Amino acid sequence: MSYGQQPGGPGYPPQYQPPQPMSPEDQRLWATLTHIGGIFFNFIAPLVAYLVLRDRGQFVREHTRVALNFHITMAIAYFVGTLTSWLGIGLLILLATGVLSVVFGIMAAVAANQGRFYKYPLAIEFIKQ
């Protein structure tokens, strides 16, 4: 067998197996965990989930993408709030950002768990499809 005829398919190393699609239940679970992870770890959890799971199903891909966009937006808001905290307004920005992250993250997690798509309000679309 030549290199291109291995189990991973043409052009892949022999030990590589292409990602297999997940079941709908698994996609819902991972989408839900991505939104919850965003609440606790900001954009890190959605970034890891997007990079690892984006080829495993359309549902989980869309949820990890919107979660990543929202939490990158919230990270920018946290940064602006921190920079302007000495003015007093920054403390309000930090408080509002924290509340929005939790509330919208929970709403998105519930939608994902029910098998529905969710679009975060206030999110900047950094990652498109």
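Please read all numbers here as calculations on a predicted model, not as lab measurements.

Thresholds, definitions, all that
Counting restarts for each chain: residues are numbered from 1 in the order of the written sequence. Reporting of local features is limited, given that this is a predicted model, to residues whose pLDDT is at least 70; pairs of side-chain atoms are given and counted only at 80 or more, and all residues count toward the totals for whole chains, interfaces and linings. Hydrogens and water molecules were not included; the side-chain quantities draw on all heavy atoms of the structure. pLDDT measures the predictor's confidence residue by residue and takes values from 0 up to 100. By definition, residues are in contact when any of their heavy atoms lie within 4.5 Å. To qualify as a nonpolar core, a set must consist of buried Ala, Val, Leu, Ile, Met, Phe, Trp, Tyr and Cys residues joined through side-chain atoms within 4.5 Å. The buried label applies to any residue whose accessible area, calculated with a 1.4 Å probe on protein chains only, is under 20% of its type's maximum; exposed applies above 50%, and partly exposed to all values in between. Numbered from the N terminus, helices here are DSSP runs of H or I no shorter than four residues, and strands are runs of E no shorter than two. Should a side-chain nitrogen of Lys or Arg be within 4 Å of a carboxyl oxygen of Asp or Glu, the pair is scored as a salt bridge.

1. Some remarks on the confidence of the model for the chain
In this model, the chain carries an average pLDDT of 91, and 91% of its residues clear a pLDDT of 70 or more. The model gives residues 1-6 a pLDDT under 50, and that stretch makes ten contacts with residues more than four places away or in other chains.

2. Points about the nonpolar core
Generally speaking, nonpolar side chains in soluble globular proteins are found buried as a group. Val66, Ala67, Phe70, Met74, Phe104, Ala108, Ala111, Tyr118 and Tyr120 form the largest nonpolar core, which has nine residues in total. Sort the elements by how many residues they give to this core and helix α3 (residues 58-83) lands first, with four residues. With residues up to four places along the chain from it excluded, the contact list for Met74 reads Thr97, Leu100 and Ser101.

3. Describing the pattern of salt bridges
This structure, assessed with the given rule, holds four salt bridges. Of the charged contacts in the structure, one is a salt bridge between Arg65 and Glu62, with a shortest N-O distance of 2.7 Å. Of this pair, Arg65 and Glu62 are both found in helix α3, three residues apart, which corresponds to roughly one turn of the helix. In this pair, the class of Arg65 matches that of Glu62, namely buried. Residues participating in the shared-partner salt-bridge network are Glu62, Arg65, Lys119 and Glu125.

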